[in-house]
Amino acid sequence: MGGICDCCLGSNSVQSNPLHDEVPLRNDQFPLSQTSDESATIHLPSLHVSANLGQDSSSERKKIYIITAPHSTCPPSHTSSTGHPCDSEAGSNAELLHKLLDHSLLYRKPLSERAKGDLNRHETWNDPWRVKLRELVQSSTCEGVIDVHGFPPESSQYDYYFISQDPNAEFENFLSRYVYQQCAEVGIYGPEQALKGLENSIMIDALQFKSKVILIEIREGLSDYKKRKLLEALAQGVKKF
Ligand SMILES: [Zn+2]
């Protein structure tokens, strides 16, 4: 993973914004448990997905972005000192992005933790979570998929980075550059271009359906201020593309 020079890093001081403290997971938006009615997953409102339909009241049916966080379910014994068995902040980051991005849909949190099957790899292609997600992506109302992940601070110098899976990555390239420019101004650092070469099965699936795709990795422990600025930049970039 490439780094960036110290001269570009700017201040390392943590900025916090008391108005935007920890974003709790709300049961109605990102449930921790499964309902018995599996069919409810693709109907809104439901316990499995939540729609942010934006402020405009026009009757025009807009396409939506589906936001996923496949590694956001942590094992019961999880503590921050036991490696990286899950993306512990991806769920709350996905929910914040959902709030910031009009015409987005937050797909339900996986029931099982990553050790029982990585939901972003081909091995789980038949998992019900993946099957239902493909149904949503295949629907005529899906514009794109935003796959949200997290990494422990020691694994990269970056605050965030995008991973590209699209050989014709016009959308990803635009977003990478846009977010890079917006974030550098406020001391949040990532690479200017999306990184390539890692398998992301959710994105590969979505590309089959001609969906736009983006995968974002966000440093765990980033201040609430920086998380919000980063996700605001991403939401703005999606709207501008
Ligand atoms: Zn992940």
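Residues numbered from 1 in each chain as written. Predicted model: local features only at pLDDT ≥ 70, side-chain atom pairs only at ≥ 80, totals over all residues.

(A) Geometry of the packing of helix α1 (residues 90-100) against helix α5 (residues 224-240). Two numbers describe how α1 lies on α5: the axes approach to 9 Å, and their chain directions differ by 50°. With respect to α5, the axis of α1 lies oblique. Like other packed secondary-structure pairs, α1 and α5 cross with a definite hand, here right-handed. Residue-level inspection shows N93, L96, L97 and L100 of α1 in contact with α5, the latter providing K227, R228, L231, E232, L234 and A235. (Axes fitted to C-alpha atoms, helices over the stretch in contact; angles between N-to-C directions. Helix = DSSP H or I, 4+ residues; strand = E, 2+ residues; numbered from the N terminus. Parallel < 35°, antiparallel > 145°, perpendicular 65-115°, else oblique. Left-handed = near helix turned anticlockwise from the far one by under 90°. Contact = placed C-beta atoms within 7 Å.)

(B) Spotlight on the pairing of strand β4 (residues 142-151). The buried count for β4 comes to 8 of 10 residues, which makes it a mostly enclosed element. As defined by bridge partners, strand β2 (residues 64-68) adjoins β4 across 5 bridges and the pair is classed as parallel. Looking at β4, one finds that I67 is bridged to I146. As defined by bridge partners, β4 adjoins strand β7 (residues 212-219) across 8 bridges and the pair is classed as parallel. Counterpart to G150 in the pairing with β7 is I218. (Buried ≥ 20, exposed ≤ 12 C-beta atoms within 10 Å, placed from the backbone. Pairing = 2+ DSSP bridges.)

(C) Examining the packing of helix α3 (residues 170-184) against α5 more closely. The interhelical angle for the contact between α3 and α5, taken along N-to-C directions, is 140°, at an axis separation of 9 Å. Taken together, α3 and α5 sit at an angle that is classed as oblique. Crossing of α3 over α5 shows right-handed handedness. Each of F174, L175, Y178, V179, Q182 and C183 in α3 lies in contact with α5, whose residues at this interface are K229, L230, A233, L234, G237, V238 and K240. Its residues placed into classes, the contact of α3 with α5 shows 9 nonpolar, 2 polar and 2 charged. (Nonpolar A, V, L, I, M, F, W, Y, C, P; charged D, E, K, R; others polar.)

(D) Layout of the sheet that holds strand β5 (residues 160-164). Read across the sheet, 7 strands follow the order β1-β3-β2-β4-β7-β5-β6 without closing on themselves; strand pairing throughout is mixed. Of all the strands in the sheet, just β1 (50-52) and β6 (195-196) have a single pairing partner and so form its edges.

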